[in-house]
Amino acid sequence: MWLPRLSGLILCYRYTIARRYVQKGFYLSYFSLAQAKNDWFANVRGDILAGLVVALALIPEAIAFSIIAGVDPKVGLYASFSIAVISAFSGGRPGMISAATAATAVLMVTVVKNHGLQYLLATTVLVGVFQIIAGFLHLGSLMRFISKSVLTGFVNALAILIFVAQLPELIGVPSPTYGMLLLGLLIIYILPRITNIIPSPLVCILVLTFIVQGLDLELRMVGDMGTLPDRLPVFLIPDVPLNLETLKIIAPTSLAIAVVGLLESLMTASIVDELTDTPSDKNRECVGQGMSNFVTGFIGGMAGCAMIGQSVINIKSGGRGRLSTLCAGIFLLALCVGLGPWVEQIPMAALVAIMIMVSIGTFSWQSLADLRKHPRSSSVVMLATVMTVVTTHNLAFGVMVGVLLSGIFFAGKIAQIFRLTSIVSPDGRFRTYVVEGQVFFASADKFLNSFDFKEALEKVTIDLSKAHIWDISSVSALDTVVMKFRRDGADVEIIGLNEASETILDELALHDKPGGIQKLMSNGGN
């Protein structure tokens, strides 16, 4: 009963928001019937089959992530179902798979250990609230500040982590496992050269399952990962006190999960954009992730986000539209509840083969050859992102390190685009300094040290027509220059300011304000 109501609420929300935007004169993509048709029905067969493949691959991962968080497997499985279904309607990136993930699961451990499942569900609801707010604040637009080097490092690190995550299924296992794994990889890579009627990962799962069951091989199965749920999720309100103390407990974890979840989702959306050569709406994705997590907390699921591995599986299996994401969620629940005993007989070797394919396909092999061609700073950013993610197993840390290094290198490069020349009058009493380039915190010292304060002059003209004053550091440097020349008796004139530079000088500069010279001298000017 709750699913039709939920769908109705989502459609009502979408219609209301769309109507508001239309009234304001804006265009919203999902208000277009043509766009909706393209998102949902342009690739029906491919989306349905890809959704089935993704659902089968999601089951063991959702169970594993539940174990990481310290909760029952059904919590992760219900979450994967709910997040996938809701994000299919509300997300901003068609064809992207969202579900329970390791990146968010590791952040839940403390809450579960200290306060229990009910507080985790409340945390999940609050995660959704934070993410919806982020979407309405257009924080998704900040993705444009993440450089290509950081994105490449993120992709490569994730590929490595996906492969490393398969090692427990390859160490200390029965020897037939390796034969099944090799057969699965051969099916995945050779079958597409013969036919694309059925996705090769799905054929891999079916063939390996029949062989293992037919030969009665003793291999690890999906059922060995944990018990699958045998009933549908039900709506429930987290059983926690609605007071400030509860908020203090769940807010820090909720904010951390919201940030990590959005970061991974937006990065994954950018990767899918490249794979499909189509755009996505990052701010809508923030709202979509928030709606998914908000609702998931009320049906007994834990917070999640976009999954690059499963998204790549979806794309490689032929999925492109929202229907593939919806089918992944519906098939996941149907397989667990209706076909649980059969799904439990799928050999883990088949799923490991698929994940190895994802790892190989995700890694940017061209980036290794580009290390010699690209600027050294870009290569350092990419490698630092990879090493940080791989060593910490935290995608957010890696991206932050990469963005920080990108900013530092960029500032260093811009600071070098600076030049100061001067022209002195024939009688040596007047000098004009011509400043070219960007004056900001990284170039402020170079700007200050470029003037000759020992020269006895009657008038100094500082021409900034080819320069830009950016911040308080550059304003302070200009104040110091003016103060030093005036202290030695020279008249100082500043010319050529553009509008933005003039505005920041009017607000922050002291050299032309009453008592400004005294304030500068009292602050340590020499």
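Placed above this text is the structure.
First things first, this report covers the structure right here in the doc. Fair warning: this is a prediction, and the values are worked out from it, not measured in the lab.

Quick notes on the overall build of the protein chain
Per the secondary structure count, the protein chain includes 23 helices and 6 strands. Considered along the principal axes of its C-alpha atoms, the protein chain spans approximately 100 × 55 × 50 Å. In the protein chain, which comprises 526 residues, the proportion classed as buried is 53%. Taking the contacts inside the protein chain whose residues are at least 6 apart along the sequence as the reference set, 82% of them involve residues at least 24 apart. On the protein chain, roughly 24,700 Å² of surface is accessible, and the fraction owed to carbon and sulfur atoms is 64%. Across the protein chain, the mean location of the 37 positive side-chain charges is 4 Å away from that of the 36 negative side-chain charges.

Topic: the environment of Thr385
By the secondary structure assignment, Thr385 is in helix α18 (residues 376–392). Judged by its relative accessible area of 0%, Thr385 falls in the buried class. The spatial distance from the C-alpha of Thr385 to the C-alpha of Ala396 is 9.8 Å, given a sequence separation of 11 residues. With residues near it in sequence (within four places) discarded, Thr385 still touches Val150, Gly153, Phe154, Ala157, Gly398, Val399 and Gly402.

What to know about the packing of aromatic side chains
If you walk through the whole model with that rule in mind, you get 12 aromatic pairs. Seen from their ring centres, Tyr433 and Phe485 are 6.1 Å apart, and the 35° between their planes marks the pair as tilted. Note that Tyr433 is positioned in strand β4 (residues 430–439) and Phe485 in helix α21 (residues 472–487), a separation of 52 residues in sequence. The exposure class of Tyr433 is buried, given its relative accessible area of 3%. Where Phe453 meets Phe485, the ring centres are 5.0 Å apart and the plane angle is 50°; that geometry is what we call tilted. One end of the pair, Phe453, is in the loop between α20 (444–449) and β5 (459–469); the other, Phe485, is in helix α21, with 32 residues separating them in the sequence. Residue classification places Phe485 among the buried residues on the basis of a relative accessible area of 2%. One aromatic cluster is present, formed by Phe418, Tyr433, Phe447, Phe451, Phe453 and Phe485 through successive ring pairs.

A few points about unusual backbone geometry
In this model, His138 sits at a positive phi of 60°, which is unusual for a non-glycine residue. Looking at the secondary structure, you find His138 in the loop between α7 (117–136) and α8 (148–164). Its identity as a non-glycine residue notwithstanding, Asp216 has a phi of 55°, on the positive side. If you trace the backbone, Asp216 turns up in the loop between α10 (200–215) and α11 (244–276).

So, the nonpolar core
Generally speaking, nonpolar side chains in soluble globular proteins are found buried as a group. Formed by 103 residues in total, the largest nonpolar core has its most connected members in Ile59, Leu77, Phe154, Met267, Met302, Ile313 and Leu332. Residue contacts for Phe154: discarding those within four places in its chain leaves Glu264, Met267, Ile271, Ile308, Thr385, Leu395 and Val399.

Topic: the pattern of salt bridges
Evaluated as defined, the whole model comprises 10 salt bridges. With its nearest N and O atoms 3.0 Å apart, the salt bridge here joins Lys148 to Glu274. Residue Lys148 is located in helix α8, and its partner Glu274 is located in helix α11; the two are separated by 126 residues in the primary sequence. Between Arg429 and Asp427 there is a salt bridge whose closest N-O contact spans 2.9 Å. Taking relative accessible area as the criterion, Asp427 reaches 44% and is therefore assigned partly exposed. Connected through shared salt-bridge partners, Arg93, Asp273 and Lys282 make up one network.

A word on empty space enclosed by the protein
By the definition in use, this model includes 4 cavities of 30 Å³ or more. Here the largest cavity defines a volume of roughly 60 Å³. Lining the largest cavity are Ser87, Ala88, Gly91, Arg93, Pro94, Gly95, Met96, Ser98, Glu285, Gln289, Arg322 and Thr325. Of all the secondary-structure elements, those providing two or more residues to the lining of the largest cavity are α4 (73–90), α12 (282–296) and α14 (322–338). Tallied by class, the residues present in the lining of the largest cavity amount to 3 nonpolar, 6 polar and 3 charged. Of the pockets and cavities examined, the second largest cavity occupies roughly 50 Å³. Every residue along the wall of the second largest cavity is listed here: Glu169, Val173, Thr177, Leu219, Arg220, Met348, Ala349 and Val352. When residues in the lining of the second largest cavity are grouped by element, the largest group, 3 residues, is from helix α16 (residues 348–362).

A short note on the layout of surface pockets
Empty space within the largest pocket amounts to approximately 800 Å³. Forming the boundary of the largest pocket are 30 residues, of which Glu61, Phe65, Ala102, Leu161 and Ala165 lie nearest the centre. Elements supplying a minimum of two residues to the lining of the largest pocket: α3 (44–69), α5 (102–105), α8, α13 (308–316) and α16. It is α3 that provides the largest number of residues to the lining of the largest pocket, a total of 6 residues. Here the residues of the lining of the largest pocket sort into 22 nonpolar, 5 polar and 3 charged.

Side note on α11
In this model α11 runs 45 Å from its N-terminal to its C-terminal C-alpha over 33 residues, within 8% of the 48 Å that 1.5 Å per residue would give. Bending of α11 peaks at approximately 35° at the position of Ile250, with proline Pro252 no more than four residues after it. N-capping of α11 is provided by Asn243, with a side-chain oxygen placed 3.3 Å from the backbone N of Glu245. Note on α11: the residue one or two positions beyond its end, Asp277, has a positive phi of about 55°.

What counts, and where the lines are drawn
- Residues numbered from 1 in each chain as written.
- Predicted model: local features only at pLDDT ≥ 70, side-chain atom pairs only at ≥ 80, totals over all residues.
- Heavy atoms only, no water.
- Helix = DSSP H or I, 4+ residues; strand = E, 2+ residues; numbered from the N terminus.
- Buried < 20%, exposed > 50% of the residue type's maximum accessible area, 1.4 Å probe, protein only.
- Contact = heavy atoms within 4.5 Å.
- Areas by Shrake-Rupley, 256 points an atom, 1.4 Å probe, with all protein chains shown as cover.
- Lys, Arg positive; Asp, Glu negative; His and termini not counted.
- Charge placed at Lys NZ, Arg CZ, Asp CG, Glu CD.
- Phe/Tyr/Trp six-rings, centres within 6.5 Å; stacked < 30°, edge-to-face > 60°.
- Core = buried A, V, L, I, M, F, W, Y, C linked by side-chain atoms within 4.5 Å.
- Salt bridge = Lys/Arg side-chain N within 4 Å of Asp/Glu carboxyl O.
- 1 Å grid on protein atoms, 1.4 Å probe; cavity = no way out; pocket = protein on both sides within 12 Å on 5 of 7 lines; lining within 4 Å.
- Points joined across faces, edges and corners; volume = space filled by probe spheres on them.
- Nonpolar A, V, L, I, M, F, W, Y, C, P; charged D, E, K, R; others polar.
- Expected span 1.5 Å × (residues − 1).
- Bend = angle between axes of the 7 residues up to and from the residue.
- Polar contact = N/O pair within 3.5 Å; in protein donor to acceptor, adjacent residues only side chain to side chain.

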